[in-house]
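Structure assessment
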There are 2 protein chains.
Amino acid sequence: MKDCCTLAVDAMGGDAGVGVTVPGARMALERHPDLRVLLYGDSATLKPLLAEFPRALRQRVEVRHADVAIRMDEKPSQALRKGRRVSSMWLAIEAVREGKAQAAVSAGNTGALMAMSLFVLKPMTGIKRPAIAGLWPTMRGQSIVLDLGATIGADAEQLVDYAIMGEAMARSLLHVEQPSVGLLNVGVEEIKGVEEVRRAGRILREAALPIHYHGFVEGDDIAKGTVDVFVTEGFTGNIALKTAEGTARQIADFLRRELTASWWTKLGALLARGALRNLKKKLDPRESNGGIFLGLNGIVVKSHGGTDALGFANALTHAREVALYDLVENIARDLSAKKMMADFLDTRQENGAQQAAPARNAG
Amino acid sequence: MKDCCTLAVDAMGGDAGVGVTVPGARMALERHPDLRVLLYGDSATLKPLLAEFPRALRQRVEVRHADVAIRMDEKPSQALRKGRRVSSMWLAIEAVREGKAQAAVSAGNTGALMAMSLFVLKPMTGIKRPAIAGLWPTMRGQSIVLDLGATIGADAEQLVDYAIMGEAMARSLLHVEQPSVGLLNVGVEEIKGVEEVRRAGRILREAALPIHYHGFVEGDDIAKGTVDVFVTEGFTGNIALKTAEGTARQIADFLRRELTASWWTKLGALLARGALRNLKKKLDPRESNGGIFLGLNGIVVKSHGGTDALGFANALTHAREVALYDLVENIARDLSAKKMMADFLDTRQENGAQQAAPARNAG
């Protein structure tokens, strides 16, 4: 494990802006003594806030002034026009391209962040569209789910690319040697899912990629943690993620209402408060905050716009881990291995066909 | 509210077959004194089981012999070849077509049940593909979500039909005068969802249908119960449903583990056991068991294959309620109103265009 790392932080992004990003960055700096942060934003706003940091932390933060802050409701095209080369979001991403930082983190608007990331970092060779991958707490620990909404729709080749990228991310973040990969599908008998999912399944099964392909999985397999990596296209992935978040909040809400219904239940809740606190921590969306953009020549991490300082600090922690494990280099290696494997199989099949023909004739 | 009703039950369907369907039917008969049940299946198996029913209940059940039981793993095409006119599943559906029963209920395999239902009952006039609609417990009570997996993919017109059918079901089952309807979409800024969802949104907003169209909703709106009816295509709907079910089980599992971790938490759980029981009931998938096939000339209800007697009884209760409120007739009326409205708007637009042209010329 190498020494890590500098993160470029869009200090103006998110619903609360510097009110969350600055204390969040501070928490991350306290957690990780090897971490350095470049804070992009309005320096007149940021400098007084940094003045309150302890000296030891302050030495690991630099403010980089940016004239423009991208609003949460701006369209990607607007954001690009207005924020190109001058916004805190753009400059944070550019720091990654220039090698000044190993990853960029923003709680700003997803569309603008993705558009700028594509523009500045460019897709990796062989990748058509990027994906957003997230950590998902399961009964077995954590899994990775992608795409959470970067791209609507995906053809079979894109789904295979997601499988490769998600697998590399699982090796890096989950520390699994041979992560298992599943394709999300429906279990209804007459319809084994959309054609693209079936085709992606055939490729993953037959193409002899160095991936442990488990097969099709269903929605309830995510919570079970049946595989380490769940692959689906962005529309379904986004709705699955938000449905699960909604369900978790709903159950927490039911539980709270029930436990405050009488003195007996209140006393019970008091005695069991350690257990309830642990449950709350397990359900806390801040724990898995930080969607990772995969498929670009550099790492960009998207924090929830409405998170607090703890959630934002967690996004920085995830960015740090991904940077630490050379995710982009790992994915690039896997993609080129896939390309080589495909070429090799093509050649072998052709040779095989040529050899088989005379053999049959001879016999 | 009229007197209700006879349900045709596929007694051989489901993972446990008669071991669940017969006691489930018994529970439903005990609940609803107005209910009659036709039990389709192997009479040599069924008759001895019915002999154990109290006399008063036995008078409201009739066994109808069927030679063939459809297996859970059979493909729809196999099931049709093997089970046409002779299987318990087919005969139960046929009882609805013939008016002997107001709804059919089966815990058998979904693909076979949908194929036979389509074959026997036929789609309603104007409906291209049927949908499966389910009740979903929310923070506000219950909502309806469709399609849960009858059809993969849906064009804008199909989504509008789902909206109409779901709205009628909400009026019937949720007893809401003017149910609100939302289209599931992703909230990511750069991509306001698939083209078909956007087109369906435009039609629902502009076509002046007698529907309270709320707009786009996201995955977490389901748990919030933001609208009464959530419309999406079957792939996404199926994965959202199973993801939510998985999440609920995961949280229940976390809670159980945490509450049994120490003597303090165990004592707390004992004191709060009423609250925990209520929560368990709220999370119990048996409570909302029974997916309703919409868009056919008759009601078919699909119970979970792995449910128990209580779950199966609940599917019968839902079938009874839907039959009670003339769901099919309500949907037919709404669809023809939609057709009339569309024709009227077309005519008016044409007239309007003709009138506008001379007016401009005159001016």
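Quick caveat, the model's predicted, so the values are computed rather than measured. Along every chain, residues carry numbers that run from 1 in the direction the sequence is written. Chains and ligands are labelled by the order in which they are written, letters from A for the one and numbers from 1 for the other. Since the coordinates come from a predicted model, pLDDT governs what is reported: local features require at least 70, and pairs of side-chain atoms require 80 or more to be given and counted, while whole-chain, interface and lining totals use all residues.

1. Brief notes about the overall build of chain A
Secondary structure counts use DSSP, requiring at least four H or I residues in a row for a helix and at least two E residues in a row for a strand, with both numbered from the N terminus. A count of helical and extended segments in chain A gives 14 helices and 11 strands. Taking 2.2 N^0.38 as the reference for a compact globule, 363 residues should give roughly 21 Å; the C-alpha atoms of chain A span a radius of gyration of 23 Å, in line with that estimate. With the principal axes as the frame, chain A shows a C-alpha extent of 85 × 60 × 40 Å. With C-beta atoms placed from the backbone, a residue counts as buried when 20 or more other C-beta atoms lie within 10 Å of its own, as exposed when 12 or fewer do, and as partly exposed for counts between those limits. Buried residues in chain A amount to 54% of all 363 residues. Considering only intrachain contacts with a sequence separation of at least 6, the fraction spanning at least 24 residues in chain A is 74%. As a reference, a globule follows 2.2 Å times the number of residues to the power 0.38, and the radius of gyration itself is taken over C-alpha atoms. Placing a C-beta atom from the backbone of each residue, one calls two residues in contact when those atoms lie within 7 Å.

2. Examining the sheet that holds strand 6 (residues 142-146) of chain B
Residue and element names in this part refer to chain B. In this analysis, strands are considered paired if DSSP registers two or more bridges between them. The 11 strands lie next to each other as 3-2-1-4-11-10-5-6-9-7-8, forming an open sheet whose pairing is mixed. In the strand order of this sheet, the two ends are held by strand 3 (61-65) and strand 8 (212-217), each with one partner. Taken pair by pair, the neighbouring strands of this sheet meet at an average axis angle of 25°, ignoring direction. Sheet topology note: the strand 6/strand 9 (residues 229-231) ladder contains three bridges and is parallel. Looking across to strand 9, one finds that Ile144 is bridged to Val229. Think of each axis as a best-fit line through the C-alpha atoms, taken over the contacting stretch in the case of a helix, with angles from 0 to 180 degrees between the N-to-C directions. Docked against the sheet, helix 2 (residues 43-51) engages strand 2 (36-41) and strand 3, running at close to 165° with respect to strand 3.

3. Overview of helix 8 (residues 195-206) of chain A
All names here are of chain A. Here a helix's expected span is defined as the number of its residues, less one, multiplied by 1.5 Å. Its 12 residues give helix 8 an end-to-end C-alpha distance of 16 Å, which sits within 8% of 16 Å, the value for a rise of 1.5 Å per residue. Burial in helix 8 covers these residues: Val197, Ala200, Gly201 and Leu204. Take helix 8 and look down its axis: the buried residues cluster within an arc of 105°, on one side only. Facing away from the buried side of helix 8 by more than 90 degrees, the exposed set consists of Glu195, Arg202 and Glu206. Note that the arc is computed from the directions linking the helix axis to the C-beta atoms.

4. A few points about the domain arrangement of chain A
By a widespread convention, an interface's size corresponds to the accessible area lost as its parts come together. Residues and elements named next belong to chain A. Residue ranges for the domains originate in an automatic or database domain assignment. Split into domains, chain A comes out as domain 1 (1-122 + 296-325) and domain 2 (132-287). Domain 1 and domain 2 are separated by 26 Å when their C-alpha centres are compared. In this complex, domain 1 contributes 10 residues to the contact, which on the side of domain 2 involves six residues. Among the elements that line the side of domain 1 that touches domain 2, the one with the most residues is helix 13 (residues 309-324), at five residues. All amino acids are sorted into three groups, where Ala, Val, Leu, Ile, Met, Phe, Trp, Tyr, Cys and Pro are nonpolar, Asp, Glu, Lys and Arg are charged, and the leftover types, Gly among them, are polar. Grouping the constituent residues of the side of domain 1 that touches domain 2 by class yields four nonpolar, three polar and three charged.

5. So, the interface of chain B and chain A
Listed as interface residues are 62 residues of chain B and, on the opposing side, 61 residues of chain A. When residues of the side of chain B that touches chain A are traced back to their parent elements, those giving at least two are helix 6 (110-121), helix 9 (219-224), helix 10 (234-259), helix 11 (263-271) and helix 12 (273-283) of chain B. Ranked by residue count, the leading element in the side of chain B that touches chain A is helix 10 of chain B, at 21 residues. Split by residue class, the side of chain B that touches chain A holds 32 nonpolar, 18 polar and 12 charged.

6. Section: unusual backbone geometry
Residue and element names in this part refer to chain A. Here Leu146 and Asp147 are connected by a cis peptide whose omega angle stands at 0°. Note on placement: Asp147 falls in the loop between strand 6 (141-146) and helix 7 (156-173). Although it is not a glycine, His175 adopts a positive phi angle of roughly 55°.

7. Topic: the packing of helix 11 (residues 263-271) of chain A against helix 11 of chain B
Interhelical geometry of helix 11 of chain A versus helix 11 of chain B gives an angle of 165° and a closest axis separation of 7 Å. In terms of orientation, helix 11 of chain A and helix 11 of chain B fall into the roughly antiparallel class. The two elements helix 11 of chain A and helix 11 of chain B cross, and the hand of that crossing is left-handed. Where helix 11 of chain A abuts helix 11 of chain B, its residues Trp264, Thr265, Leu267, Gly268, Ala269 and Leu271 of chain A lie against Trp264, Leu267, Gly268, Ala269 and Leu271 of chain B. Class assignment for the residues of the contact of helix 11 of chain A with helix 11 of chain B results in eight nonpolar, three polar and no charged. For classification purposes, an angle smaller than 35 degrees is called roughly parallel, one larger than 145 roughly antiparallel, one from 65 to 115 roughly perpendicular, and anything else oblique. Note on convention: the crossing is left-handed when the near helix lies turned anticlockwise from the far helix by less than a right angle, right-handed when the turn is clockwise.

8. Topic: the relation of the copies chain B and chain A
A least-squares fit on C-alpha atoms brings the copies together, and the residues used are those whose pLDDT is at least 70 in both copies. At an RMSD of 0.0 Å, chain B and chain A line up after a rotation of 180° and a shift of 0.0 Å along the axis. Such a combination of rotation and displacement between the chain copies is what one expects of a two-fold axis. For chain B, the smallest separation between a C-alpha atom and the rotation axis is recorded for Gly268 of chain B, amounting to 1.8 Å.

9. A word on the nonpolar core
Among soluble globular proteins, nonpolar side chains are generally buried collectively. Put simply, a nonpolar core is a cluster of buried Ala, Val, Leu, Ile, Met, Phe, Trp, Tyr and Cys residues tied together by C-beta atoms within 7 Å. Within the largest apolar cluster, 226 residues are counted, with the highest numbers of intra-cluster contacts made by Val9, Ala103 and Ile299 of chain A together with Val9, Ala103 and Ile299 of chain B. Apart from residues no more than four positions distant in its own chain, Ile299 of chain A is found in contact with Val96, Gln102, Ala103, Ile292, Ala319, Val322, Ala323, Leu327 and Val328 of chain A.

10. Regarding helix 13 of chain A
A turn of α-helix holds 3.6 residues, and therefore any two residues three or four places apart point the same way. Residue and element names in this part refer to chain A. For helix 13, built from 16 residues, the straight-helix expectation of 22 Å at 1.5 Å per residue is met to within 8% by its first-to-last C-alpha distance of 22 Å. The buried fraction of helix 13 amounts to 13 of the 16 residues, a majority that puts the element mostly inside the structure. Just beyond helix 13, the residue with positive phi is Asp326, at close to 50°.

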